[in-house]
Amino acid sequence: MTCFLGIDVGTSSVKSILMDMEGTILGIAQRKYDVQKPRADWAEQDADVLWCATKETLRELVQKYPRQAADLAGIGYSGQMHGLILTDESGRPVRPAIIWEDQRSIEEIGEIYRLVPPSVFNAVTMNTLSTGYLASSLMWVMRNEPQNYMRARHILLPKDYIRFKMCGEYGTDMSDASSAVIFDTAERTWANQIISRLGMDMALFPECHESYEIAGMLTESCARATGLRRGIPVIYGGGDTLMHEVGTGMISPLRPWVANIGTSCQVTCAMNSPLCDDLFRTNTFCHVKEDLWMLMSCNLCGGAAMKWMAKNIFSGLSFGQLDEMAIKAPVGSDGLIFLPYLNGSRSPENDPRAKGMFMGINMSHTGAHFVRSTMEGVVYSLKNCMEVLKSVVHAEPETMIASGGGARGKLFLQMEADAFNKPIYTTKEAEQSCVGAAATAAVGTGYFSSYEEACAAVVHFSQTPIEPIAEHVRIYEEYFSIYRELYGHNKDLFADYPANSPKE
C-alpha cells in the first residue's frame, strides 16, 4: 500500500501522520513542547527540541506501523510560520529560534521603515511588518546580538530546519519565504534590493522552491535516527496555514473560505493573482503552486486563549471540561464580551501593544460566562477577520470550512455558524495541516498529477453542515457591533499601559 508521511511542526507540538492515497490516516504520533519566555515580550524555542520531538514521532510510527512505514513514497512538511532560526557553517543553531509570538522587535520595525519607507517595503512584500516576523527578528539579532549574526551562515524557518536534519539540504518554499516578509510576493523571490538596503547578508537567505518540489532524499544518518528507509524523497512542504488550505481543499478561488482556530486564528481565501489590502490589514502569501496566492486576516490568539484560561484561571481543566462549563451560559454570555488580544493584535489592528480585556462584567456573571465569553471573543475576532477579507475581494462565500482544534468541538462550530450566518462544513480528518503536507508529498513525487487531483482523492467533508440559528445570529450581530468598538476606545490606554515595560 503506497502511503505518504506528513509532518507538522507546530507551536505547541509536532505531529506526524502516515496517510494512504484515499486520505485515510493510518497512524499518528505527537510530541508536545513549550514556548520559552525569557522575558515577558519574548517567545523562543530550542530548534533541537523540535528535532528531538520529531524524531520521537517518527520512531513511534515506524515501531507501530512497520509495514506502512516501509511503503513510504514521500515525506512532506507543514510548520509554524514567520520564525527565525540561524545556523552556523555546520548547521547548528547559533541561538534559540525566535518564533511568531515574539514581540521584542518593535524598535527594529521602526528602523527597517526608516531605511526602507513603508510605501516601498509594503508594496514589494504585499504585507506590513509585525513583530515575530523573520525580517523583524533578524534585524533585532543584527542590532542586539551582532556576535550571533556574524556566526550565522544560514537562515531557516522552523520546519525548514527539520527538513534539513532529514535530508541535509538547505532551502525553503515560497509560502514560508513570503511569510518572512522580506520577500517579493508577486515575483516569488527574495526582495534583494530591500535586503541590501537593510544591510543584511544576502548569502544567508536560502534558495526558494515551490512547495511540491523535491528538496532531497532521506539521509543515512536520519534513517538510523528514526528507523525510516534511506532515500525516501523529501518534499519542501509549506507554512502550516498553506498546508491547512491543502488539507481542506482550498487550492482554488472557487473553494469556500477557511476559518481556522489553532493556537492563533485566521480566515483565508485563495487567489490566482497577488492581491493585497490597500491598508495592509491582511497578509498576502504565496500559495503552494506557481499561479496561486493566499489572502489571510489573522489574529494572534485563538486556542491560546482557551489554553490560557485552562491553565491560569481554572486550574488545569481540560478543554472538554471548559466546553461543559460554557454550555451552561447563554448565547452572548449575558453581555460579557472578551477582547482576545493576549498576544497583541495583527489584523485588522496591527498592534503588538494591544491587550486582552473583558467588558461588561456584573455580579450575575459566573465562571461559565467567562469561559463562553472567551470562546465567543475568539469567534468575534474571526468574524472581524472575515469582514476585512470581504472588503478586499468584494465578495464572500456562501459556505465556510472550519478547521483546527476549534473544528473538533460542537460549541465552537455552532458559534462560527451563528456569527458568520453561514453553513459550516468540516473535514472528516482532523489533522488538516498533516494531510496537506502528505498530499503535497504525493503531488511532488508524481503520485497525483496536480493538487486538484490530490485534494479530490484525500480531502473528504462532512455531508451535513452546522447551520446558523436565527436567534443566535441576531444576538451575535448585536454584541459584535460592541466588540468592534472595544479596541478603538482603548487603543491609547493600551499604548501607555505599564505592562508594556518588559520584565526580565
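Residues numbered from 1 in each chain as written. Predicted model: local features only at pLDDT ≥ 70, side-chain atom pairs only at ≥ 80, totals over all residues. Heavy atoms only, no water.

A. Here's a closer look at the nonpolar core. Of all hydrophobic cores here, the largest spans 128 residues; its most connected members are Leu129, Ile182, Trp190, Met200, Phe205, Val267 and Val371. The leading source of residues in this core is helix α14 (residues 367–393), at 10 residues. Not counting the four nearest positions on each side in its chain, Leu129 is found in contact with Ile109, Ile112, Tyr113, Phe121, Asn122, Ala135, Ser136, Val181 and Asn350. (Core = buried A, V, L, I, M, F, W, Y, C linked by side-chain atoms within 4.5 Å. Buried < 20%, exposed > 50% of the residue type's maximum accessible area, 1.4 Å probe, protein only. Helix = DSSP H or I, 4+ residues; strand = E, 2+ residues; numbered from the N terminus. Contact = heavy atoms within 4.5 Å.)

B. Looking closely at the packing of helix α16 (residues 432–444) against helix α17 (residues 451–458). At a closest axis distance of 10 Å, the pairing of α16 and α17 adopts a crossing angle of 130 degrees. When the axes of α16 and α17 are compared, the pair comes out oblique. Considering how the two elements wind past one another, α16 and α17 form a crossing that is right-handed. For the pair α16 and α17, contact is made by Val435, Ala439, Thr440 and Val443 and by Tyr451, Ala454 and Val458, respectively. (Axes fitted to C-alpha atoms, helices over the stretch in contact; angles between N-to-C directions. Parallel < 35°, antiparallel > 145°, perpendicular 65-115°, else oblique. Left-handed = near helix turned anticlockwise from the far one by under 90°.)

C. The pattern of salt bridges, seen in detail. Within the structure shown, the criterion is met by 28 salt bridges. The salt bridge involving Arg95 is made with Glu145; its shortest N-O contact spans 2.5 Å. You can see Arg95 sitting in the loop between β6 (85–87) and β7 (97–98) and its partner Glu145 sitting in the loop between α5 (134–144) and α6 (146–151), a full 50 residues away along the chain. Glu145 shares its class with Arg95; the two are buried. (Salt bridge = Lys/Arg side-chain N within 4 Å of Asp/Glu carboxyl O.)

D. How the structure looks around the side chain of Asp20. Looking at where Asp20 falls in the secondary structure, it is placed in strand β2 (residues 13–20). It is Arg67 that comes nearest to the buried, bridge-free Asp20 among opposite-charge side chains, at 9.4 Å. Within the local environment of Asp20, its side chain forms a polar contact with the backbone nitrogen of Glu22, the two atoms lying 2.9 Å apart. With residues near it in sequence (within four places) discarded, Asp20 still touches Met1, Thr2, Cys3, Leu26 and Val458. (Lys, Arg positive; Asp, Glu negative; His and termini not counted. Polar contact = N/O pair within 3.5 Å; in protein donor to acceptor, adjacent residues only side chain to side chain.)

E. Quick look at the pairing of strand β16 (residues 257–261). In terms of burial, β16 is a largely internal element, 5 of the 5 residues being buried. Neither face of β16 is left uncovered, since the one carrying Trp257, Ala259 and Ile261 and the one carrying Val258 and Asn260 both have all their residues buried. Pairing of β16 with strand β22 (residues 400–404) involves 5 bridges; the strand directions are parallel. From the neighbouring strand, Trp257 faces β22, where its bridge partner is Met400. Where β16 and strand β17 (residues 265–271) come together, 4 bridges link them in antiparallel fashion. Residue pairing for β17: Val258 is matched across the bridge by Thr268. Between β16 and β17, which pair antiparallel one after the other, the connecting turn spans 3 residues. (Pairing = 2+ DSSP bridges.)

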